[in-house]
Amino acid sequence: MLVRTQCKGREVTGLQVGAKNVRRYFPKHVDAIELQLDHLYIQCDLTPEFWEGQAEINDPRLCEWLDFKVFRRKPGRTPIPLAMIPSGKNSFRLRPATEHGHSRLRPAAVSAA
């Protein structure tokens, strides 16, 4: 799924997931998800507002990672698309997205023997 970074002024505040992604990827009873940020795994709580039209993931560790890994390479604070890839039950990997909305990381090619 494609998500976008969210900023308020110069401060990174989290990820904007979007209502369609919430309906498709997040079971209603889930109150937290696990995010893999490179080698770091964090658990992020989903607030009641997440289910009521404010589909945002806010966590101080996520914000610090986004600020360091994403925004230090790009000037300004315009929203940046990222790929949030399901990797298990209530678990996702966060990766850079290409212009076409896909992750830059591709599955390893399987050679025919």
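To start, this report covers the structure provided alongside it. (Residues numbered from 1 in each chain as written. Predicted model: local features only at pLDDT ≥ 70, side-chain atom pairs only at ≥ 80, totals over all residues. Heavy atoms only, no water.)

### Digging into the pairing of strand β1 (residues 2-8)
- Both β1 and strand β6 (residues 81-88) contribute to a ladder of three bridges, which runs antiparallel. By the bridge assignment, Val3 is partnered in β6 with Leu82.
- The sheet contact formed by β1 and strand β2 (residues 11-16) spans five bridges and is antiparallel. Among the inter-strand pairings, Lys8 is bridged to a residue of β2, identified as Glu11. (Pairing = 2+ DSSP bridges. Helix = DSSP H or I, 4+ residues; strand = E, 2+ residues; numbered from the N terminus.)

### Let's talk about the environment of Leu15
- Here Leu15 shows up in strand β2.
- Spatially, the C-alpha atom of Leu15 lies 9.2 Å from that of Pro79, the residues being 64 residues apart in sequence.
- Beyond its immediate chain neighbours, meaning those up to four positions away, Leu15 contacts Val3, Arg4, Thr5, Gln6, Ala55, Glu56, Ile57, Leu62, Leu66, Leu82, Met84 and Leu94. (Contact = heavy atoms within 4.5 Å.)

### Topic: the packing of aromatic side chains
- Within the structure shown, the criterion is met by three aromatic pairs.
- With a centroid separation of 5.1 Å and 75° between ring planes, the pair formed by Phe26 and Phe50 is classed as edge-to-face. With Phe26 in the loop between α1 (19-25) and β3 (32-37) and Phe50 in the loop between β4 (40-45) and β5 (56-57), the pair connects residues that are 24 residues apart, well separated along the chain.
- What makes Phe50 buried here is its relative accessible area of 1%.
- Counting every residue linked through ring pairs, the aromatic cluster contains Phe26, Phe50, Trp51 and Phe92. (Phe/Tyr/Trp six-rings, centres within 6.5 Å; stacked < 30°, edge-to-face > 60°. Buried < 20%, exposed > 50% of the residue type's maximum accessible area, 1.4 Å probe, protein only.)

### Structural notes on the state of the cysteines
- Inspection of the entire model under this criterion finds zero disulfides.
- With no disulfide of its own, Cys44 lies closest to Cys63 among cysteine sulfurs, the gap being 9.0 Å. (Disulfide = S-S within 2.5 Å.)

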